[in-house]
Amino acid sequence: MSDAEELIAVLEAHERELQFERMDHDLAWELGTHLRDRAAQAGLGIVIDVALGEQDVFRAALPGTTAHNDKWIERKKGTVREWGTSTYLAGLRFPLYNPPFSLETAPWVDARLYSGSGGGFPLTVRGAGVVGTIAVSGLPPELDHAFIVESLRDFLRRPAAD
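Residues numbered from 1 in each chain as written. Predicted model: local features only at pLDDT ≥ 70, side-chain atom pairs only at ≥ 80, totals over all residues. Heavy atoms only, no water.

Draft legend 1. Region of the structure containing helix α3 (residues 67-83). Here α3 spans 25 Å end to end across 17 residues, near enough to the 24 Å set by a 1.5 Å rise per residue. Elements that come into contact with the buried residues of α3 comprise β1 (47-52), β2 (55-61), α4 (87-93), β3 (120-125), β4 (129-137) and α5 (141-157). Positive phi shows up at Gly 84, right after α3, with a value of about 65 degrees. (Helix = DSSP H or I, 4+ residues; strand = E, 2+ residues; numbered from the N terminus. Expected span 1.5 Å × (residues − 1). Contact = heavy atoms within 4.5 Å.)

Draft legend 2. Region of the structure containing helix α1 (residues 3-17). An ideal rise of 1.5 Å per residue puts 21 Å on 15 residues; α1 measures up with 21 Å between its terminal C-alpha atoms. Regarding α1, the residues found buried are Ile 8, Leu 11, His 14 and Glu 15. Looking straight down α1, one finds its buried side chains confined to an arc of 115 degrees; they lie on one side. Residues of α1 that are buried in the fold lie against α4, β3 and α5. (Buried < 20%, exposed > 50% of the residue type's maximum accessible area, 1.4 Å probe, protein only. Arc of directions from axis to C-beta.)

Draft legend 3. Spotlight on the nonpolar core. One finds Phe 20, Met 23, Leu 31, Ile 48, Leu 123, Ile 134 and Leu 152 to be the most contacted residues of the largest nonpolar core, which totals 26 residues. Phe 94, Leu 103, Ala 106 and Tyr 114 belong to the second largest nonpolar core, which has 6 residues in total. (Core = buried A, V, L, I, M, F, W, Y, C linked by side-chain atoms within 4.5 Å.)

Draft legend 4. Seen up close, the side chain of Lys 77. Its place among the elements puts Lys 77 in helix α3. By relative accessible area, which is 2% here, Lys 77 ends up buried. Looking at Lys 77, its side chain comes within polar contact range of the side chain of Asp 49, at 3.4 Å. Setting aside its immediate chain neighbours within four residues, Lys 77 contacts Asp 49, Ala 51, Asp 56, Arg 59, Thr 133 and Ala 135. (Polar contact = N/O pair within 3.5 Å; in protein donor to acceptor, adjacent residues only side chain to side chain.)

Draft legend 5. Quick peek at the packing of α1 against α5. It is at 11 Å that the axes of α1 and α5 come closest, and there the two elements cross at 35 degrees. In the packing of α1 onto α5, the handedness of the crossing is left-handed. Side by side, α1 and α5 meet where Leu 11, His 14 and Glu 17 of the first sit next to His 145, Val 149 and Arg 153 of the second. Residue classes in the contact of α1 with α5 are distributed as 2 nonpolar, 2 polar and 2 charged. (Axes fitted to C-alpha atoms, helices over the stretch in contact; angles between N-to-C directions. Left-handed = near helix turned anticlockwise from the far one by under 90°. Nonpolar A, V, L, I, M, F, W, Y, C, P; charged D, E, K, R; others polar.)

Geometric values such as these leave the question of function open.
What follows is the structure, encoded as C-alpha cells:
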C-alpha cells in the first residue's frame with residue numbers, strides 16, 4: 001500500500017468515526033462555538049464555518065484572517081457538497097485517476113469553486129448521510145483538517161446536554 005493509499009484509509013476512517021446521531025440548528029451552533037473557542041484558546045487565526053445544507057448556521061473569523069479565507073471556505077464547502085467527503089480526501093483521490101489530475105486541474109472541475117486542500121469536512125448524521133459542512137481556513141491544509149478532526153472528537157465525547 002502506498003503512502004497516499006494509507007493516508008486515504010486514515011481519512012476514510014475519520015469520516016466513519018466522526019458522525020452525529022442527530023443534527024439541527026442549535027447543535028450546529030454549539031459545534032461552531034466549540035470550534036471557535038478551541039481556536040481562540042490556541043491562538044489560531046482561522047475562519048470557521050458550519051452549514052446545514054446550503055445554509056450557514058455559524059461563521060466566525062478570528063484575528064489574523066482576511067476575506068481571502070472566506071473564499072477558501074466557500075471552495076471547501078463546495079467540494080464537500082459535490083463529492084460528499086472531506087476536501088483532503090477528495091484532493092488525494094484525484095491523482096489516482098488515469099490519467100492523474102489534481103482536483104484543481106481536472107478538466108471537468110472549476111478550480112474557482114472547489115479545493116482539494118484540507119479544511120472541509122462532511123457533517124454527517126448516522127443513517128441519514130451528509131447533512132452539512134464544516135470548513136476551516138487559515139492554517140496549512142493538513143492542519144486545517146487535523147483541527148476539525150480533533151475538535152469533532154472532543155465535541156462528540158462531551159456529555160449530552162439535558
